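# Residue-level structural notes
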Amino acid sequence: MNGAREQILQNLRKGATPDSTRPGLPQHEDVALYRNFAPAQSNPLQTFAQKLAALKGEFYQAPDTAAAAKILRELLPAAESLPHKNKFAARHPAPLLDRICAADHWLAENVQLIEPQKISSPDFAEFSIGLTTVDFLVARTGSLVLSTTTAGGRRLSVLPPFHIAIATPAQVVISLDEALNAYHARGEAERSSYATIITGPSRTSDIEKILVLGAHGPKRLTVLVVG
Amino acid sequence: MSEFSSFLSRSASKASDDTHRWKIAKAIATYDAAVATTKANQFLDWQAARHLAAAIKNYTLENLADLLEQFESNFTARGGKIFWAATAAAAAKYVVQLAQQRQAKKIVKSKSMTTEEINLNAQLEQAGIEVRESDLGELIVQLAGEKPYHIVTPAMHKSKAEISQLFQEKLQAPPTESAEELTMIARRHLRQDYVTADIGITGANFIIADAGAISMTENEGNGRLTMACPRIHIVVAGIEKVIPRLTDLSLFLPLLATSGTGQEISCYNSIVYGPRRHDEDDGPEEMHVILLDNGRSQLYHRPHFREALRCIRCGACLNACPVFRTIGGHTYNVTYQGPIGAVISPHYNGLPQYQHLAFASSLCGACSDVCPVHIDVHHLILENRVEAVRTTRQSWPWRLAMSMFAWMMRSRQRLNLLRRLLHWSQPLLFLVPSNRRQRVPRLAAKTFAELWKENK
Ligand code: SF4
């Protein structure tokens, strides 16, 4: 600890309003802020799909793993068209991904099951497609919530230029508030060191405010909901 | 030349620079349209949202010491390191020493105004460490050898043609007029840097007390790469960036995105709880958060100014400001430009020479109207103006003129006399050089008081 700590904290304590007259911490539910949709009547997954499409992400839904495998296979481009043929698509170990890839020969052969901790970043950067699962899908904003546990670490969902996220309908929540509450309620052991809220493919408007997709993160983002 | 007189000459030249004006007007018009649509589509009640945000921030500021300690204990429990920096110099020194101890050769950075505030890049480069800015706008200004023009849009002042010229010179890129091509040049240029850098440095948009985590907002993904690949992650954040609860993000992220860029929520919002855990696949081995004071706790003690610490650096007040649009971001010559810069710059350590920024405002209040955390920006500018007048010694002709003016204004008779004198002297206007004559206002034939009497 350095001396500055005590000095800064003391400065802040000296200046604060006396306890008795301090304002309380307001709750969010106190105010209806957002243009909401009535969750009971609407289909949150459909809202999610619309939002994602508006953000230039792609959405697919499959009734079961076999159908999901078929969609996935059609989604994946020919390996020959990509710069590193041997490093085509990568996925991390996860039951949902295991099931889908097991349902199709071609997928089982071509989508590499990797152990991210054993791959150096330069090697990682050669993969063209990253397949991950998610923690939540947020309907109102069309966002995905991922953590290192569900996404095979920090790199798999951001280094490859094409990110495919596989989710289940049970992971859909209405609002960001709901997702964050649920994440925070998990025990310390189940919260990863890193979580990220992804809303559409990577983008920038730094040049003359013109929207360009694929600045540094994935240019293409696809969500496939199974079930 | 004093900072003030160079400020005046920079202002004069920018104000008459049509190309500059056109570029800024175009960028801000695009921004304005996006913000209006998003506000209307996303929020049922924008005013209620900003009041709520202000209330949460007020609570935070009143309990800031406790919340910072709460963050510290939660964060360090997971192996994160905290460094408390009283000054900009202490913060920069910590980073440079850490980089030297770890024998870092290359650092990749995502956009952070706080690292600009502590002038970090220059000090790292002096120590022989290569620093790569990875945000597209930051990369552009770094290559051009400039400072960021705007806290949110660092390269707002550069056209596609200028950026292409720059990329041709510095990156040996082929010429292009397409924003997409230019972005891809930057993407290819930086790709290797993420995976070879030893240290990643980012800012933080929020310090989350109950989670013991920081949150970082971006659109490009360069921040995520900066936090994912290098083996050390350093965060530089002002002590006022705290929010009490993780769930407060569900209000602050939409507010920040709406006011900052007119998006409902930014593309990537990362929440970082600490370094890589032993059972995790990847991530940095070390994570350091530098909590920077640098004058903030002094600002905290000024009754009116505490609310300035609510600022979430969205940049909306810059875009709304007629003075910013006219003189441009570089003219301010401070890290934080525009109205909020005029408020805080003179109070941050070592910058009292920026008192004149209090006069770089029409006090129209556009800044206060747009601020998502309801800061009364223009009244704080006025407070600074009062202070500037009180603490700087004016020249004797000015003081004489002002005291005569005050004497005149204090009585109705004297004021009437002054008016009559001015009226009679109007024919003498020809003495004013013709190029200035336009600026001298003509007096009306009759005063309001006279008209009132006549028409009663
Ligand atoms: S003062 Fe308000 S409007 Fe200006 S940057 Fe800060 S939060 Fe945004």
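Preceding this paragraph is the structure being described.
A brief structural summary. On a predicted model such as this, the values are computed, not experimentally measured, just so you know.

Parameters at a glance
- Residues numbered from 1 in each chain as written.
- Chains lettered and ligands numbered in written order.
- Predicted model: local features only at pLDDT ≥ 70, side-chain atom pairs only at ≥ 80, totals over all residues.
- Heavy atoms only, no water.
- Helix = DSSP H or I, 4+ residues; strand = E, 2+ residues; numbered from the N terminus.
- Buried < 20%, exposed > 50% of the residue type's maximum accessible area, 1.4 Å probe, protein only.
- Contact = heavy atoms within 4.5 Å.
- Areas by Shrake-Rupley, 256 points an atom, 1.4 Å probe, with all protein chains shown as cover.
- Lys, Arg positive; Asp, Glu negative; His and termini not counted.
- Charge placed at Lys NZ, Arg CZ, Asp CG, Glu CD.
- Salt bridge = Lys/Arg side-chain N within 4 Å of Asp/Glu carboxyl O.
- Polar contact = N/O pair within 3.5 Å; in protein donor to acceptor, adjacent residues only side chain to side chain.
- Pairing = 2+ DSSP bridges.
- Axes fitted to C-alpha atoms, helices over the stretch in contact; angles between N-to-C directions.
- 1 Å grid on protein atoms, 1.4 Å probe; cavity = no way out; pocket = protein on both sides within 12 Å on 5 of 7 lines; lining within 4 Å.
- Points joined across faces, edges and corners; volume = space filled by probe spheres on them.
- Nonpolar A, V, L, I, M, F, W, Y, C, P; charged D, E, K, R; others polar.
- Parallel < 35°, antiparallel > 145°, perpendicular 65-115°, else oblique.
- Left-handed = near helix turned anticlockwise from the far one by under 90°.
- Buried area = accessible area lost by both parts, 1.4 Å probe.
- Near = heavy atom within 4 Å.
- Sits in = over half its atoms within 2 Å of the grid points.

### Examining the overall build of chain A
- The helix and strand tally for chain A stands at 7 helices and 12 strands.
- Overall size of chain A, expressed as C-alpha extent along the three principal axes, is 70 × 50 × 45 Å.
- The burial tally for chain A puts 56% of its 227 residues in the buried class.
- Partitioning the contacts of chain A with sequence separation of at least 6, the portion at a separation of at least 24 is 71%.
- Counting every atom, chain A has about 9600 Å² of accessible surface; 52% of that belongs to carbon and sulfur.
- Side chains of chain A give 23 positive and 21 negative charges; the mean places of these two sets differ by 4 Å.

### What about the side chain of Arg50(B)?
Residue and element names in this part refer to chain B.
- The residue Arg 50 is located in helix α3 (residues 46-62) in this model.
- Asp 369 is the oppositely charged side chain nearest to the buried, salt-bridge-free Arg 50, at an N-O distance of 5.9 Å.
- A distance of 2.9 Å separates a polar side-chain atom of Arg 50 from the backbone oxygen of Cys 371.
- Residues contacting Arg 50, with those up to four places away along its chain left out, are Ser 368, Asp 369, Val 370, Cys 371, Pro 372, Val 373 and His 374.

### Observations concerning the environment of Ala204(B)
Residue and element names in this part refer to chain B.
- Along the chain, Ala 204 falls in the loop between β4 (199-202) and β5 (206-208).
- For Ala 204, a relative accessible area of 6% puts it in the buried group.
- Each C-alpha atom of the pair Ala 204 and Ser 215 lies 5.7 Å from the other, and the pair is 11 residues apart in sequence.
- If we ignore the near neighbours within four places in the chain, the residues touching Ala 204 are Ile 214, Ser 215, Val 235, Val 236, Ala 237 and Lys 241.

### Considerations on the pairing of strand β9 (residues 194-198) of chain A
- The buried fraction of β9(A) is high, at 5 of 5 residues.
- Alternating residues of β9(A) divide into Tyr194(A), Thr196(A) and Ile198(A) and Ala195(A) and Ile197(A), and every residue in both groups is buried.
- As paired strands, strand β6 (residues 143-147) of chain A and β9(A) are joined by 4 bridges and run antiparallel to one another. Paired with Leu144(A) across the two strands is Ile198(A), which belongs to β9(A).
- Both β9(A) and strand β9 (residues 268-272) of chain B contribute to a ladder of 5 bridges, which runs antiparallel. The partner of Ile198(A) across the bridge, within β9(B), is Tyr268(B).

### Here's the deal with the pattern of salt bridges
- On inspection of all chains with the given rule, the structure shows 38 salt bridges over all chains.
- Glu188(A) serves as the salt-bridge partner of Arg78(B), at 2.4 Å between the closest nitrogen and oxygen. Remark: Glu188(A) occurs in the loop between α7 (176-185) and β9 and Arg78(B) occurs in the loop between α4 (64-77) and β1 (81-85); the pair is interchain, linking two chains.
- Taking the relative accessible area as the measure of exposure, Glu188(A) reaches 42% and is therefore partly exposed.
- Between Arg302(B) and Glu387(B) there is a salt bridge whose closest N-O contact spans 2.8 Å. Taken together, the positions of Arg302(B) in the loop between α13 (296-301) and α14 (316-320) and Glu387(B) in helix α19 (residues 377-391) put the pair 85 residues apart, joining distant regions of the chain.
- In this structure Arg302(B) comes out as partly exposed when scored by relative accessible area, which is 29%.

### What about the sheet that holds strand β2 (residues 89-91) of chain A?
Residue and element names in this part refer to chain A.
- Taken in spatial order, the 6 strands of this open sheet run β1-β12-β7-β4-β2-β3, and their pairing is parallel. The open sheet is flanked by β1 (58-62) and β3 (111-113), the only strands paired with a single partner. When the angles between neighbouring strand axes are averaged without regard to direction, this sheet yields 25 degrees.

### Some thoughts on the pairing of β9(B)
Residues and elements named next belong to chain B.
- Across the 5 residues that make up β9, a large majority, 5, are buried.
- Neither face of β9 is exposed, since Tyr 268, Ser 270 and Val 272 on one face and Asn 269 and Ile 271 on the opposite face are all buried.
- Taken together, the 5 bridges between strand β6 (residues 213-218) and β9 define a ladder with antiparallel strand orientation. Each residue of the ladder has a partner; that of Met 216, found in β9, is Ser 270.

### Here we look at empty space enclosed by the protein
Residues and elements named next belong to chain B.
- The tally for this structure, following the rule as stated, stands at 4 cavities of 30 Å³ or more.
- Its boundaries defined by the atoms lining it, the largest cavity holds a volume of some 100 Å³.
- Along the walls of the largest cavity sit 16 residues, with Cys 311, Cys 314, Cys 317, Ile 340 and Cys 371 positioned nearest its centre.
- Broken down by element, the lining of the largest cavity gets its largest block of residues, 3 residues, from α14.
- Residues of the lining of the largest cavity, tallied by class, amount to 14 nonpolar, 1 polar and 1 charged.

### Topic: unusual backbone geometry
- Positive phi outside glycine occurs at Lys209(A), with the angle close to 60 degrees.
- Along the chain, Lys209(A) turns up in the loop between β10 (203-204) and β11 (212-213).
- Given the relative accessible area of 17%, Lys209(A) is considered buried.
- Unusually for a residue other than glycine, Asn333(B) sits at a positive phi of about 60 degrees.

### Some details on the sheet that holds strand β2 (residues 106-109) of chain B
Residues and elements named next belong to chain B.
- The sheet built from 6 strands is open, its strands ordered β1-β10-β7-β4-β2-β3 with parallel pairing. Lying at the two open borders of the sheet, with one neighbouring strand each, are β1 and β3 (130-133). Each neighbouring strand pair of the sheet contributes to a mean axis angle of 20 degrees, computed without reference to strand direction.
- Bridging between β2 and β4 involves 3 bridges; their strand directions are parallel.

### Remarks on the packing of α7(A) against helix α12 (residues 249-261) of chain B
- Viewed as axis vectors pointing N to C, α7(A) and α12(B) meet at an angle of 135 degrees, and their least axial separation amounts to 9 Å. When the axis of α7(A) is compared with that of α12(B), the two are oblique. Helix-helix and strand crossings are classified by hand; for α7(A) and α12(B) the assignment is right-handed. Only Leu249(B), Ser250(B) and Leu253(B) of α12(B) make contact with α7(A), whose side of the interface consists of Leu176(A), Asp177(A) and Leu180(A).
- Here the residues of the contact of α7(A) with α12(B) sort into 4 nonpolar, 1 polar and 1 charged.

### Focus on the interface of chain B and chain A
- Taken residue by residue, the interface counts 98 residues in chain B and 79 residues in chain A.
- For the pair chain B and chain A, the summed buried surface comes to about 7900 Å²; carbon and sulfur atoms form 57% of the total.
- For chain B, the biggest contributors to the area lost against chain A are Trp84(B), Arg187(B) and Arg224(B); these three give 9% of the whole.
- The interface formed by chain B and chain A contains 8 salt bridges.
- Here Glu208(A) and Lys26(B) are joined by a salt bridge, their closest N and O atoms 3.3 Å apart.
- Remark: the boundary between chain B and chain A carries 48 residue pairs in polar contact (both at pLDDT 80 or more).

### So, the site of the ligand
All names here are of chain B.
- Neighbouring residues of the ligand: Cys 311, Ile 312, Arg 313, Cys 314, Gly 315, Ala 316, Cys 317, Ile 340, Cys 371, Pro 372, Val 373 and Ile 375.
- Cavity membership is defined here by more than half of the atoms lying within 2 Å of grid points; on that basis the ligand lies in the largest cavity.
- Here the shell around the ligand is composed, by residue class, of 10 nonpolar, 1 polar and 1 charged.

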